[in-house]
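Residue strings, one per chain:
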Amino acid sequence: YIQEAKAAKSFPKAVLSAYPPGFQNFGQYKGGTPGARLCSCAFSESPVEAHIIRINVGMSTSPKAERPTQIAFIAAGFFFARAEFLTDVPFDPYVPWCFMGEEIALSMRAWTQGWDIYAPRQNLIAHQYRPGRLGLPKFWESVGRESKRPNLNTQLQKHVIRRIKHMVGYPTDSVADIEQAGDQIVLTDLEHYGLGKVRTREEYLELTKIDVVNQQCHPMHWCNHG
């Protein structure tokens, strides 16, 4: 992955990211698998997820590509970059146990700080996406278990998702709307854990063809075709 990052055109400000393949027997992926480009998205229709943007996979990257190809999004489950990334895009302590919304937040914060995102030409790792099969709890079950409050995660997510939606630019989550709802806590220290100043939110939304007003994600041909 170090070699792959160095091959990216924007190195050292390059982030490699992909959804690793799922596995039951990791040996089946010995030698690696093609890296999938994160080139599409959708607005969630689940009431619990409050219409947050969810990231999806597009076309695969050819292992024969000259170099890693630029993509639109960062996967929270795997991204690889130089350590300076954590200085430019520090993890936000005000989004505890964040699940839905983490990826669009990471993507926008990184890109507006001047980091470009790339699909690796190969996945060298895999991931166990079904911990239930191993008798392990999902993370939201862990939140309830550790806090001894079964619904705590759902209550927290209402504030966490609103913080992210405000940062992304949802018209329903302006400062005025948040203040009117008495939910100012979601704006805490956002100047430190929000968007960067190298590029703008509007430029990112144009690049990724995301329409937050009508809640639509349009095709990104540049992303899928490298």
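Above this text is the structure in question.
Structure report, in brief. Quick caveat: nothing in here was measured; it's all calculated off a predicted structure. (Residues numbered from 1 in each chain as written. Predicted model: local features only at pLDDT ≥ 70, side-chain atom pairs only at ≥ 80, totals over all residues. Heavy atoms only, no water.)

Glancing now at the environment of methionine 59. Considering the arrangement of structural elements, one finds methionine 59 in the loop between β4 (53-56) and β5 (69-71). Assessed through its relative accessible area of 41%, methionine 59 is described here as partly exposed. Separated by 19 residues in the primary sequence, methionine 59 and serine 40 place their C-alpha atoms 9.6 Å from one another. (Helix = DSSP H or I, 4+ residues; strand = E, 2+ residues; numbered from the N terminus. Buried < 20%, exposed > 50% of the residue type's maximum accessible area, 1.4 Å probe, protein only.)

Before going further, it helps to spend a moment on the packing of aromatic side chains. With the rule as written, the count across this model stands at seven aromatic pairs. A ring pair is formed by tyrosine 1 and phenylalanine 78, whose centres lie 4.9 Å apart and whose planes are at 40°; its orientation type is tilted. Taken together, the residues span a long stretch of sequence, with tyrosine 1 in the segment before α1 (2-7) and phenylalanine 78 in the loop between β5 and β6 (79-80) at a distance of 77 residues. Through pairs of rings, three or more aromatic residues link up here, namely Tyr1, Phe78 and Phe80. Sitting above the plane of the tryptophan 111 ring, arginine 199 keeps its charged end 4.0 Å from the centroid. (Phe/Tyr/Trp six-rings, centres within 6.5 Å; stacked < 30°, edge-to-face > 60°. Lys NZ or Arg CZ within 6 Å of the ring centre and 35° of its normal.)

The complete set of buried residues in helix α8 (residues 201-208) reads Tyr204, Leu205 and Thr208. Down the axis of α8, the buried set is contained in an arc of 95°. They therefore lie on one face. For α8, exposure combined with an orientation more than 90 degrees from the buried face picks out Glu202 and Glu206. Trailing α8 by a residue or two, lysine 209 shows a phi angle of about 60°, which is positive. (Arc of directions from axis to C-beta.)

The final tally for this structure, using the stated rule, is two disulfides. One disulfide in the model links cysteine 39 with cysteine 223; its S-S distance is 2.0 Å. Taking the torsion about the sulfur-sulfur bond, which here is approximately -75°, the covalent link between cysteine 39 and cysteine 223 counts as left-handed. Pair noted here: cysteine 39 is in the loop between β2 (33-34) and β3 (40-43) and cysteine 223 is in helix α9 (residues 221-224), with a separation of 184 residues, a long-range link. A relative accessible area of 0% means that cysteine 223 is categorised as buried. Here cysteine 41 connects covalently by a disulfide to cysteine 217, the sulfurs 2.1 Å from one another. Between cysteine 41 and cysteine 217 the sulfur-sulfur dihedral comes to about -105°; the bridge is accordingly left-handed. Residue cysteine 41 is located in strand β3, and its partner cysteine 217 is located in strand β10 (residues 216-217); the two are separated by 176 residues in the primary sequence. Taking the relative accessible area as the measure of exposure, cysteine 41 reaches 11% and is therefore buried. With cysteine numbering restricted to those in disulfides and following the sequence, the protein has the pairing 1-4, 2-3. (Disulfide = S-S within 2.5 Å.)

Turning to the layout of surface pockets, a few remarks are in order. In this structure, the largest pocket occupies an estimated 780 Å³ of space. Around the largest pocket, the lining comprises 23 residues; the ones closest to its centre are Tyr19, Phe99, Glu103, His127 and Tyr129. Residue contributions to the lining of the largest pocket peak at four residues, all from β4. Tallied by class, residues from the lining of the largest pocket come to 13 nonpolar, five polar and five charged. (1 Å grid on protein atoms, 1.4 Å probe; cavity = no way out; pocket = protein on both sides within 12 Å on 5 of 7 lines; lining within 4 Å. Points joined across faces, edges and corners; volume = space filled by probe spheres on them. Nonpolar A, V, L, I, M, F, W, Y, C, P; charged D, E, K, R; others polar.)

What follows concerns helix α3 (residues 102-112). α3 sits mainly inside the fold: 10 of its 11 residues count as buried. Remark: glycine 114 follows α3 within two positions and exhibits a positive phi of approximately 95°.

Below, the discussion takes up the environment of threonine 69. Among the structural elements, threonine 69 can be located in strand β5. Of the residues examined, threonine 69 reaches a relative accessible area of 10% and is grouped as buried. Sequence-distant contacts of threonine 69, defined by excluding residues within four places in its chain, comprise Arg37, Thr61, Ile117, Tyr118, Ala119 and Gly226. In terms of polar contacts, threonine 69 uses its side chain to reach the side chain of arginine 37, at 3.0 Å. (Contact = heavy atoms within 4.5 Å. Polar contact = N/O pair within 3.5 Å; in protein donor to acceptor, adjacent residues only side chain to side chain.)

The next point concerns the sheet that holds β5. Through backbone hydrogen bonds, the strands of a sheet pair up, either in parallel or in antiparallel fashion. Reading across from one edge, β5-β7-β1-β6 is the order of the four strands in this open sheet, with mixed pairing throughout. At either end of the open sheet lies a strand with only one pairing partner, and these are β5 and β6. Two elements, strand β1 (residues 14-17) and β6, share two bridges in a ladder whose sense is antiparallel. The residue bridging leucine 16 from the neighbouring strand is phenylalanine 80, located in β6. (Pairing = 2+ DSSP bridges.)

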